[in-house]
Amino acid sequence: MCFMTSLHSWLSPLIRGGKFNQVWSLFTCKPRGLIYLTDTRRFTIVKDPSSSTVEFNSRNKKYRSLERSFKRRLRAIYQRFSGGPDNTTIQGLNHMYFIEGDGIYRMDTRQGDPEPEKVLCLDSVGKGDWSLQRLRLSPSEHALAATVKTPHREEARCVLVKLGDREPTLDPPQPLLTIDKVFSVEWATDDILFYSSQQKLQCHHVFRLDLTATGTRSTLVYQEQQPDVFVEVSLSRDQRLVLVNCSSKRSSEVWLIDSAKPLMEPTLVQARLPELLYHVEHSHGQLYILANTGPGQEYQVLRAPLSSPSIKHWVPVCSPGHGTAVKDMEVLQDHCVLATRDPLGLLALQVVPLSQPATTSTLQLPPWACAIETKRAGLTDSGWLEFLLSSPVHPPVLYRYSPREYRLLLQDTEEHRTRQEYHTTRLEAPSQDGTMVPLTLFHRPMLEKLRGAPLLVHVYGAYGMDLNMDFSPDRRLLLEDGWALAYCHVRGGGERGLSWHRQGRMEGKPRGVEDLAACIQRLYDLGVSRPSMTALTARSAGAVLVGALCNLHPHLIRAVTLQHYPSMLLTAYIEDNRVPVAGVHKYEERLQEAIHTHLNGHPVSESEPTPSVILDLQPGADHFGPGDFELSLTESARQLAFLHTELGLNQQKTKNRRK
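Conventions and cut-offs
- Residues numbered from 1 in each chain as written.
- Predicted model: local features only at pLDDT ≥ 70, side-chain atom pairs only at ≥ 80, totals over all residues.
- Heavy atoms only, no water.
- Helix = DSSP H or I, 4+ residues; strand = E, 2+ residues; numbered from the N terminus.
- Buried < 20%, exposed > 50% of the residue type's maximum accessible area, 1.4 Å probe, protein only.
- Contact = heavy atoms within 4.5 Å.
- Salt bridge = Lys/Arg side-chain N within 4 Å of Asp/Glu carboxyl O.
- Phe/Tyr/Trp six-rings, centres within 6.5 Å; stacked < 30°, edge-to-face > 60°.
- Lys NZ or Arg CZ within 6 Å of the ring centre and 35° of its normal.

Q: Before we go on, may I ask you to explain the environment of Arg 208 in this structure?
A: For Arg 208, the location among the structural elements is in strand β12 (residues 202–212). Judged by its relative accessible area of 12%, Arg 208 is buried. Measuring from C-alpha to C-alpha, the distance between Arg 208 and Leu 220 comes to 6.4 Å, with twelve residues separating the pair along the chain. When sequence neighbours within four positions are dropped, the list of residues in contact with Arg 208 reads Ile 192, Leu 193, Phe 194, Arg 217, Ser 218, Thr 219, Val 221, Pro 262 and Leu 263.

Below, the structure is given as structure tokens:
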């Protein structure tokens, strides 16, 4: 068996002997960096003596040719799925805005065959390898605010551009203003922009930027005093309110700013209380609050007058059924729409008419769908909810839903043809305490024919977040090569609601490890793959479970790996503030000591390969992997090459499985 994880602050608990400590994480982000650990070959730490960077060199020629091959194949599969729908388009009053690699473009929707017009060129932002993060339009489409980021900084830069009717052939306008160290931005009016500032991994301040004919002025409107609280600004769907969201792992607090009166002081909805989590939307003078005040401290929808928003005025509107986890809430004019997940992971929409909440209806979404992402409403709310459905092996499909007409429209005609190329099997595994743990398996052959298939197992189980199941061309490539892909929804994550997270946090963290062990054993019991063909991947804080699995279940690891220590390819980033390089090297030293001690006490025969450990330390500050496409492609190809080599797979076997 092999392991793939990413270096996060899990290093600290592992170094201290497997004890579980609470670790802070920026929960709004989607990790991409990976570390791979596999089960064979020689113990090797490869370092460049001329620098601190650890890299593949001539001693790793066995990976190089396969890496080049995978890079070509990855490029092809990314190109194959590049034309699908995404969330980077925004509808303005008269233009459609979209992001391309070198900037932001728009097309005039009043014309029959519009010519794309470039409104922001990344070269004008400043020196650096910039990538676009967020795009916001002012209410009358007079101005645009975009946040951009480089790989060497945690903080983003906000760029303001003045818009207007221009000839598409003209050069894009120069930025009106840039603001550094920005996390989130929202327009209240065409002249007033609110933004939260970021210092490394903390966001504690919200400013109001006043753009008037007399100049610009930035004013502090909110300052957070608690160090563990993260602050961001958002906009209600009807654009009536700017929301200042103050969130920690244990509580939340929301302040309101009337978009029509942006110079007024923010109004508090409800002061934070221990264990109270809530989120706010607005429609027709009423606040709709998603709060964990339902049975079992799960989420329910409540309503309160905008004029009296505190908790004593909250009135329940609806509570999803037992075992149903709420993933998102949207308020569209006179309906509230909840995205939900049932105990097996199936997605649905619960539609609540605000005038008659007792007549709630449920719309089941396609069974292949594992991830849902709602699209941001344009400057005018059409009353339709647009959202993307995807899975790790299924590219995003755009749907439009009208709650008034109870109509679901599919925007992609190739959805059914893609779906039939593989199977999505939803399983449950009995954990040590009898709890049934959901498990999703993707495979092309029938279940009974997977004994000889390589298996890649995924796990996260932290911060109440669902295991990332967005579409990944890398995973699609593995599926087409005959791999089976398993996703273990262990406790500590959010797949089965807030209680699922509570059961797997702090003192309950070992439950997530037990769940992971149960999922792996369940797959073997069903005849899926075999120990020598299995790999395990975790990202960020999910790697706590990977390390603890080695410590707490050595018998399972021995049965899975056929030896005590797997081979490892560890990828980390020199300027990553979440994982200091000193911690990475300290982990490496402890790992070397552990393997050396084991090999001295348990000599291996010449026929039994010893572990191979390679530390791949890359430049950059992004905890989630390189933003540059070419660098990301190279990193993915390197990891796939390592996996295939260490598992003893080769191109001929891959071709045979594809057949």
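Q: Just to check I follow, could you spell out the pattern of salt bridges for this structure?
A: Between side chains of opposite charge, pairing is possible as soon as their charged atoms come close. One pass over the full model with this rule turns up 28 salt bridges. With its nearest N and O atoms 3.8 Å apart, the salt bridge here joins Glu 630 to Lys 71. Highlighted residues: Glu 630 in helix α10 (residues 629–646) and Lys 71 in helix α2 (residues 61–80), separated in sequence by 559 residues. Overall, the relative accessible area of 33% leaves Glu 630 in the partly exposed class. Between Glu 480 and Arg 80 there is a salt bridge, and its shortest N-O distance comes to 2.6 Å. Linking Glu 480 in helix α4 (residues 473–480) with Arg 80 in helix α2, this pair joins segments that are 400 residues apart in sequence. You can call Arg 80 partly exposed: its relative accessible area is 46%. In the salt-bridge network here, residues are joined through shared partners; they are Arg 80, Glu 421, Arg 476 and Glu 480.

Q: What am I meant to see in the packing of aromatic side chains here?
A: The description of an aromatic ring pair uses the distance of the two centres, along with the angle that the planes make with each other. For the structure on display, the rule yields ten aromatic pairs. Their ring planes at 90° and their centres at 4.9 Å tell us that Phe 183 and Phe 230 sit as a pair that is edge-to-face. Of the two residues, Phe 183 is situated in strand β10 (residues 177–187) and Phe 230 in strand β14 (residues 230–235); the sequence distance between them amounts to 47 residues. Of the two residues, Phe 183 and Phe 230, neither departs from the other in class, the shared state being buried. Directly above the ring of Phe 183 sits Arg 134, whose terminal nitrogen or CZ lies 4.9 Å from the centroid. Against the face of Trp 384 rests Arg 400, its NZ or CZ located 4.5 Å from the ring centre.

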